Amino acid sequence: GEDVEQSLFLSVREGDSSVINCTYTDSSSTYLYWYKQEPGAGLQLLTYIFSNMDMKQDQRLTVLLNKKDKHLSLRIADTQTGDSAIYFCAESIRGGSYIPTFGRGTSLIVHP
Amino acid sequence: GAVVSQHPSRVICKSGTSVKIECRSLDFQATTMFWYRQFPKQSLMLMATSNEGSKATYEQGVEKDKFLINHASLTLSTLTVTSAHPEDSSFYICSASGAGGTKETQYFGPGTRLLVL
């Protein structure tokens, strides 16, 4: 299987919460990232979490890390139509010069 | 936050020509720059890693003579697609990481869409 796996699609109603899930295989992962890519654009770093943390919150974004299960999630509260994009989960390890390994991305569709 | 720019944003060229794409870090010194290629609805594929002043390290399967990378300064890296063919059409994205607090994260440029006719 792939090193970083994500579901490909998620559809939510405007105002609801979105939860995007990711699993990874490398237990030595040091940093885990969430990137956002809007159509035709590059990647925007949304947030990242160090592997010794369980949770990180930044405004509407909450990242949860279950290191035992190698599971990472991104929760977007009060999802807006402007949140529609592809969200990439990525991991990196210190010994790997922090080069991230990306998942295939989850396409989030927010409908009215 | 750190800003990375790319130029051009879009380019259309004829088969057989060479295309140069620039990647610049605008407000930090990028000790390492990365070049990715992204196919439609796919993840990013790392092509090569370059450190300022040294030769780029290419990933397996990436032709170094076809994709020339130059990282001449701490703020500029270039990718030249030589003798481009239609199968080289893709979205090319660069990223940069720097020393100190930015080495753990990569900051991405907006991407360059290349169409080879």
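Overview of the structure. (Residues numbered from 1 in each chain as written. Chains lettered and ligands numbered in written order. Predicted model: local features only at pLDDT ≥ 70, side-chain atom pairs only at ≥ 80, totals over all residues. Heavy atoms only, no water.)

**Remarks on the interface of chain A and chain B**
Taken together, the contact between chain A and chain B spans 17 residues of the former and 21 residues of the latter. Where chain A abuts chain B, roughly 1500 Å² becomes buried across the two surfaces, and 59% of that area is made up of carbon and sulfur atoms. Along the contact surface separating chain A from chain B lie 0 salt bridges. There are 4 residue pairs in polar contact (both at pLDDT 80 or more) connecting chain A and chain B. Among the secondary structure elements, those contributing two or more residues to the side of chain A that touches chain B are β4 (31-37) and β5 (43-50) of chain A. Ranked by residues supplied to the side of chain A that touches chain B, first place goes to β4 of chain A with 4 residues. A per-class count over the side of chain A that touches chain B returns 12 nonpolar, 4 polar and 1 charged. (Contact = heavy atoms within 4.5 Å. Buried area = accessible area lost by both parts, 1.4 Å probe. Salt bridge = Lys/Arg side-chain N within 4 Å of Asp/Glu carboxyl O. Polar contact = N/O pair within 3.5 Å; in protein donor to acceptor, adjacent residues only side chain to side chain. Helix = DSSP H or I, 4+ residues; strand = E, 2+ residues; numbered from the N terminus. Nonpolar A, V, L, I, M, F, W, Y, C, P; charged D, E, K, R; others polar.)

**Some words on the sheet that holds strand β7 (residues 67-73) of chain B**
Residues and elements named next belong to chain B. The 4 strands are arranged β1-β3-β8-β7 in an open sheet whose pairing can be described as antiparallel. The open sheet terminates on both sides in strands that have one partner only, identified here as β1 (4-7) and β7. Here the strands of the sheet are splayed against their neighbours by 15° on average, with no regard to which way each runs. Here strand β3 (residues 19-25) runs beside strand β8 (residues 76-81); their pairing, made up of 6 bridges, is antiparallel. (Pairing = 2+ DSSP bridges. Axes fitted to C-alpha atoms, helices over the stretch in contact; angles between N-to-C directions.)

**A closer look at the layout of surface pockets**
If a probe the size of a water molecule is rolled over the atoms, the empty space left behind becomes visible. Roughly 480 Å³ of volume is contained in the largest pocket. In terms of lining, the largest pocket is formed by 21 residues, of which the most central are Gln37 and Ile86 of chain A together with Pro40, Lys41 and Gln42 of chain B. Top element by residues in the lining of the largest pocket is strand β9 (residues 85-92) of chain A. It accounts for 3 residues. (1 Å grid on protein atoms, 1.4 Å probe; cavity = no way out; pocket = protein on both sides within 12 Å on 5 of 7 lines; lining within 4 Å. Points joined across faces, edges and corners; volume = space filled by probe spheres on them.)

**Quick notes on the sheet that holds strand β8 (residues 71-76) of chain A**
Residue and element names in this part refer to chain A. A sheet is described by the order of its strands in space; here 5 strands give the open sequence β1-β3-β8-β7-β6, paired in antiparallel fashion. In the strand order of this sheet, the two ends are held by β1 (4-6) and β6 (55-58), each with one partner. In this sheet, adjacent strand axes meet at a mean angle of 15° when their direction is disregarded. As paired strands, strand β7 (residues 61-66) and β8 are joined by 6 bridges and run antiparallel to one another. Paired with Thr62 across the strands is Arg75, a residue of β8.

**As for the nonpolar core**
Nonpolar side chains in soluble globular proteins tend to end up buried together. Counting residues in each nonpolar core, the largest one holds 25 residues, and the members touching the most others are Val4, Trp35, Phe67, Leu79, Tyr92 and Leu114 of chain B. Within the residue set of this core, elements represented by two or more residues are β2 (10-13), β3, β4 (30-38), β5 (44-51), β7, β8, β9 (90-98) and β11 (112-116) of chain B. One finds Tyr24, Trp34, Val63 and Leu108 of chain A within the second-largest nonpolar core, a separate group that totals 20 residues. (Core = buried A, V, L, I, M, F, W, Y, C linked by side-chain atoms within 4.5 Å. Buried < 20%, exposed > 50% of the residue type's maximum accessible area, 1.4 Å probe, protein only.)

**Comments concerning a nonpolar patch on the surface**
Residues and elements named next belong to chain A. A surface patch of nonpolar side chains, about 310 Å² in accessible area, is lined by Leu8, Phe9 and Ile109. On the secondary structure map, Phe9 appears in strand β2 (residues 9-13). Given a relative accessible area of 62%, Phe9 falls into the exposed group. (Patch = residues over 30% accessible without salt bridge, like charges linked within 9 Å, V, L, I, M, F, W, Y side chains within 5 Å. Areas by Shrake-Rupley, 256 points an atom, 1.4 Å probe, with all protein chains shown as cover.)

**Observations regarding the environment of Gln6 of chain A**
Residues and elements named next belong to chain A. Here Gln6 is to be found in strand β1. A C-alpha to C-alpha distance of 7.9 Å links Gln6 and Ile20, two positions 14 residues apart in sequence. Among the polar contacts made by the side chain of Gln6, one reaches the main-chain carbonyl oxygen of Tyr87 at a distance of 2.8 Å. One polar contact links the side chain of Gln6 to the main-chain amide nitrogen of Cys89, over a distance of 3.0 Å.

**Some points on the packing of aromatic side chains**
Under the definition given, this model contains 13 aromatic pairs over all chains. Between Phe102 of chain A and Tyr36 of chain B, the ring centres sit 5.8 Å apart and the planes meet at 90°, which makes this aromatic pair edge-to-face. Taken together, the positions of Phe102 of chain A in strand β10 (residues 101-102) and Tyr36 of chain B in strand β4 put the pair across two chains. Using a relative accessible area of 10% as the deciding quantity, one classes Phe102 of chain A as buried. (Phe/Tyr/Trp six-rings, centres within 6.5 Å; stacked < 30°, edge-to-face > 60°.)

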